[in-house]
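What follows is each chain in one-letter form.
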Amino acid sequence: MGKTYLITGGTDGIGKAIVKKILAVSEDDNDVIYVNYGHNEEKAKALISEIDKEQRHKLQLVKADMGSEEGLESLFDHFQSNDIFLDHIVLNVGISQYAKFDDYTFDMWNKIMQTNLTVPVFLLQKFKNRMNQNGSVLLMGSYAGRKEYSSSVVYSISKAGVVFLAKVLVKELESKGIRINAVAPGFIDTSWQASRAPEVRERIEKKIALHRFGTPEEVADITVSVLLNTYMNGAIIDIHGGYEYF
Ligand SMILES: NC(=O)c1ccc[n+]([C@@H]2O[C@H](COP(=O)([O-])OP(=O)(O)OC[C@H]3O[C@@H](n4cnc5c(N)ncnc54)[C@H](OP(=O)(O)O)[C@@H]3O)[C@@H](O)[C@H]2O)c1
């Protein structure tokens, strides 16, 4: 019997690389990967066109805004009304907005915390009863949630919550044998990093022992490996090329 996967924010960046990696390791023709996105239809269509024709039937796009309770409800409805149970969930959506501490507003705090932490919490509250025995959950954290960066206070705190969630929910999921883990990437070359000034990028690269940003594919490799490894549970995996290790 095929396995069912849900990847949130799967049409670009790290999420897209995860979708492609799952397809690369998928051997069962009945596997189905539900790829969520929130806004951009063009990017969603582009993803489908990048996939080999023989594999396309394994992808199902599901549009729902993972920054809102309504979006979460509509995503859940999709699975409930079609009586679909999931084996593997990757909660990958995350947002950030850099600002000085003095410039943060309640709205900025609430938007980032809601998307990065609140929606994943309540999504898992609902979906744990829509998951098959021995399934797994992977939360996309950030190394910014492992180490204190004063330049992105709200983002860091939200991601610290995300990685902690991978530990505190282990017990909740125990009865169904569902595993939960988190991956915490450092600086990864997605559209997020594109707007950085060259001198800022250079400064960051000097702090990384490998002197480069990571690729979405490198994060996807470890993510899918942790997702599918049947003994990984309650773990947080850092992937940052040796950031500030010297
Ligand atoms: N890039 C990095 O350096 C880095 C480092 C550490 C951790 N991370 C984490 O890795 C994750 C992915 O980051 P990324 O850099 O790959 O981001 P990205 O390139 O901006 O990925 C965007 C994807 O997320 C979707 N998305 C955005 N907001 C959404 C929403 N409200 N609802 C549903 N889908 C939404 C986008 O689709 P639509 O545009 O259609 O909504 C698209 O599929 C995030 O959790 C981020 O915090 C990234």
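Details of the structure are given in the entry above.
Residues numbered from 1 in each chain as written. Predicted model: local features only at pLDDT ≥ 70, side-chain atom pairs only at ≥ 80, totals over all residues. Heavy atoms only, no water.

**Q** Got a minute to help me understand the pattern of salt bridges in this structure?
**A** Side chains that differ in charge, positive against negative, can pair when their charged atoms come close. For the structure shown, the criterion picks out 15 salt bridges. Here Glu 50 and Lys 20 are joined by a salt bridge, their closest N and O atoms 2.6 Å apart. Of this pair, Glu 50 sits in helix α2 (residues 41-50) while Lys 20 is found in helix α1 (residues 13-25), placing the two residues 30 residues apart along the sequence. With relative accessibility at 38%, the residue Glu 50 sits in the partly exposed group. With a relative accessible area of 34%, Lys 20 lands in the partly exposed category. Lys 171 is the partner of Glu 174 in a salt bridge, and the nearest nitrogen-oxygen pair spans 3.2 Å. On the basis of relative accessibility, which here comes to 64%, the residue Lys 171 falls in the exposed class. (Salt bridge = Lys/Arg side-chain N within 4 Å of Asp/Glu carboxyl O. Helix = DSSP H or I, 4+ residues; strand = E, 2+ residues; numbered from the N terminus. Buried < 20%, exposed > 50% of the residue type's maximum accessible area, 1.4 Å probe, protein only.)

**Q** Even after reading the chapter, I still don't get the pairing of strand β4 (residues 86-91), so can you show me in this structure?
**A** In summary, the side chains of a regular strand alternate between the two faces of the sheet. The buried fraction of β4 amounts to six of the six residues, a majority that puts the element mostly inside the structure. Two elements, strand β1 (residues 4-7) and β4, share three bridges in a ladder whose sense is parallel. Bridge pairing in β4 links Tyr 5 to His 88. Here β4 pairs with strand β5 (residues 131-140) via five bridges, running parallel. Of the residues in β5, the one forming a bridge with Leu 86 is Met 131. (Pairing = 2+ DSSP bridges.)

**Q** Looking at this structure, I do not really get the site of the ligand. What am I missing?
**A** With respect to spatial proximity, 32 residues lie near the ligand, and among them Thr 11, His 39, Asn 40, Thr 190 and Gln 193 are the closest. At a separation of 2.6 Å, an oxygen atom of the ligand approaches a polar side-chain atom of His 39. Between an oxygen atom of the ligand and a side-chain N or O atom of Thr 190, the distance comes to 2.6 Å. A total of 890 Å² of accessible area belongs to the ligand in isolation, and the protein chains cover 92% of it. Where the shell around the ligand is concerned, the elements lending two or more residues are α1, β2 (32-37), α5 (153-168) and α7 (191-194). Considering only residue class, the shell around the ligand consists of 11 nonpolar, 17 polar and four charged. (Near = heavy atom within 4 Å. Polar contact = N/O pair within 3.5 Å; in protein donor to acceptor, adjacent residues only side chain to side chain. Areas by Shrake-Rupley, 256 points an atom, 1.4 Å probe, with all protein chains shown as cover. Nonpolar A, V, L, I, M, F, W, Y, C, P; charged D, E, K, R; others polar.)

**Q** I would appreciate a short explanation of the environment of His 240 in the present structure.
**A** Residue position: His 240 is located in the segment after β7 (236-239). Taking the relative accessible area as the measure of exposure, His 240 reaches 14% and is therefore buried. Sequence separation of His 240 and Ser 142 is 98 residues, and the distance between their C-alpha atoms is 9.4 Å. Not counting residues up to four positions away in its chain, the partners in contact with His 240 are Tyr 143, Gly 186, Ile 208 and Tyr 245. Of the polar contacts made by the side chain of His 240, one reaches the backbone nitrogen of Gly 242; its length is 3.0 Å. (Contact = heavy atoms within 4.5 Å.)

**Q** So what exactly am I meant to see when it comes to the sheet that holds strand β6 (residues 179-185) here?
**A** Strand pairing in a sheet takes place through backbone hydrogen bonds and is either antiparallel or parallel in direction. Strand order in the open sheet formed by seven strands is β3-β2-β1-β4-β5-β6-β7, with parallel pairing between adjacent strands. Edge positions in the sheet fall to β3 (59-63) and β7, since each of these pairs with one other strand and no more. Each strand axis lies, on average, 15° off the axis of its neighbour in the sheet, ignoring direction. Alignment of β1 against β2, held across four bridges, turns out to be parallel. When the bridges of β2 are listed, Ile 7 appears paired with Val 35. On the sheet, α2 packs against β2 and β3 and is oriented at approximately 175° with respect to β3. (Axes fitted to C-alpha atoms, helices over the stretch in contact; angles between N-to-C directions.)

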